Amino acid sequence: MTTNIGLGVLGDKIKEPNSKIIPVKDGFAYFNEDIKISVNPMIGVIGVAPKEDSIRCVTPGDHGSNMDTKEITIGSKVYLPVFVEGAKLALGDLHASMGDGELSGTGIEIGGKVRIKVSIIKGKTIKRPRIDSKDYLIIVSSGKDYKEAIKIAAEDMVDFLSNELNLKFEDAYRLVSATCDIRISQVVNPLLTVKICLPKKKLNIYEFKI
């Protein structure tokens with residue numbers, strides 16, 4: 001894990017770059033002699049080519065990319081829209097562990113191998129990334145500030161519940177407020193990323209119908 005001048009939410013307090021090697025073994029990251037952390041392997045960057053001609057992979061968006069969302073882990077399904085022919089799926093930025101927000105600008109960065117199965121859902125599309133995790137159905141959105149990102153995610157979840165449960169907008173809106181959680185994925189990239197999480201058990205909805 002590195003710290004650097006200006007990196008993360010407290011980067012103004014860093015006077016010079018610093019790196020810390022954190023050994024990972026047998027399911028734990030050994031922070032020091034007294035502290036060990038259970039690993040939660042995750043993919044920080046996963047996405048497709050955006051609508052724009054080109055964009056740096058550090059920038060998240062409707063195409064996915066640097067979402068730094070810890071629920072993108074073993075056993076999860078990630079749904080991505082396709083904007084260009086061939087999709088051009090790419091991934092990287094693996095972490096052994098990372099908390100919501102990625103506050104210092106990095107998780108426990110680590111090399112590794114990813115085994116994935118890729119399928120194409122033809123004839124349908126979505127506006128931005130969705131995640132089907134063990135306990136939640138999640139819609140991910142990125143924006144220049146929290147207000148923008150949260151509004152986008154909430155609109156998507158209201159639309160999903162309206163269609164899934166055949167509800168009017170007002171009732172789907174109420175249901176989102178009564179059951180869903182807004183959480184932060186990351187606050188350190190060029191755009192902020194949030195996620196709206198629907199607990200599967202609360203509404204007995206266990207998969208996204210794309």
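Description of the structure in this document. (Residues numbered from 1 in each chain as written. Predicted model: local features only at pLDDT ≥ 70, side-chain atom pairs only at ≥ 80, totals over all residues. Heavy atoms only, no water.)

What the three strands build is an open sheet, ordered S7-S6-S9; its pairing is antiparallel. A single partner strand is all that each edge strand has here, and the edge strands are strand S7 (64-65) and strand S9 (90-95). (Pairing = 2+ DSSP bridges. Helix = DSSP H or I, 4+ residues; strand = E, 2+ residues; numbered from the N terminus.)

Let us now look at the pattern of salt bridges. For the structure shown, the criterion picks out ten salt bridges. The salt bridge partner of Asp-100 is Lys-195, with a shortest N-O separation of 2.8 Å. With a gap of 95 residues between them, Asp-100 in the loop between S9 and strand S10 (130-132) and Lys-195 in strand S13 (residues 192-199) connect regions that are remote in the sequence. You can call Lys-195 buried: its relative accessible area is 0%. For Glu-148, the salt bridge identified is with Lys-144, shortest N-O distance 3.3 Å. Judged by its relative accessible area of 30%, Glu-148 is partly exposed. The class of Lys-144 is exposed, set by a relative accessible area of 60%. One salt-bridge network, held together by shared partners, links Lys-70, Glu-71, Asp-100 and Lys-195. (Salt bridge = Lys/Arg side-chain N within 4 Å of Asp/Glu carboxyl O. Buried < 20%, exposed > 50% of the residue type's maximum accessible area, 1.4 Å probe, protein only.)

Quick look at the nonpolar core now. Residues Met-157, Phe-160, Leu-161 and Leu-198 are the most contacted members of the largest nonpolar core, which totals 18 residues. Counting residues per element, the ones that place at least two in this core are strand S11 (136-143), helix H1 (146-165), helix H2 (169-179) and S13. With five residues, H1 is the largest single contributor of residues to this core. For Phe-160, the residues in contact, after removing those within four places along its chain, are Arg-130, Leu-137, Leu-198, Ile-205, Glu-207, Phe-208 and Lys-209. (Core = buried A, V, L, I, M, F, W, Y, C linked by side-chain atoms within 4.5 Å. Contact = heavy atoms within 4.5 Å.)

The next thing to look at is the side chain of Ser-65. Checked against the element boundaries, Ser-65 lands in strand S7. Looking at Ser-65, its side chain comes within polar contact range of the main-chain oxygen of Cys-57, at 2.8 Å. Once you skip the residues sitting within four places of it in the chain, Ser-65 turns out to touch Gly-44, Val-45, Ile-46, Gly-47, Cys-57, Thr-59 and Pro-60. (Polar contact = N/O pair within 3.5 Å; in protein donor to acceptor, adjacent residues only side chain to side chain.)

Structurally, the position occupied by Asn-189 is in the loop between strand S12 (181-186) and S13. Of the residues examined, Asn-189 reaches a relative accessible area of 13% and is grouped as buried. In this structure Asn-189 touches Val-58, Pro-60, Asn-66 and Asp-68, once residues within four positions along its chain are discounted.

Among the residues making up H2, those that are buried are Ala-172, Val-176 and Thr-179. Seen along its axis, H2 keeps its buried residues to an arc of 90°; they face one direction. Of the residues in H2, the exposed ones pointing more than 90 degrees away from the buried face are Tyr-173, Arg-174, Ser-177 and Ala-178. The inward-facing, buried residues of H2 abut H1, S12, S13 and helix H3 (200-203). (Arc of directions from axis to C-beta.)

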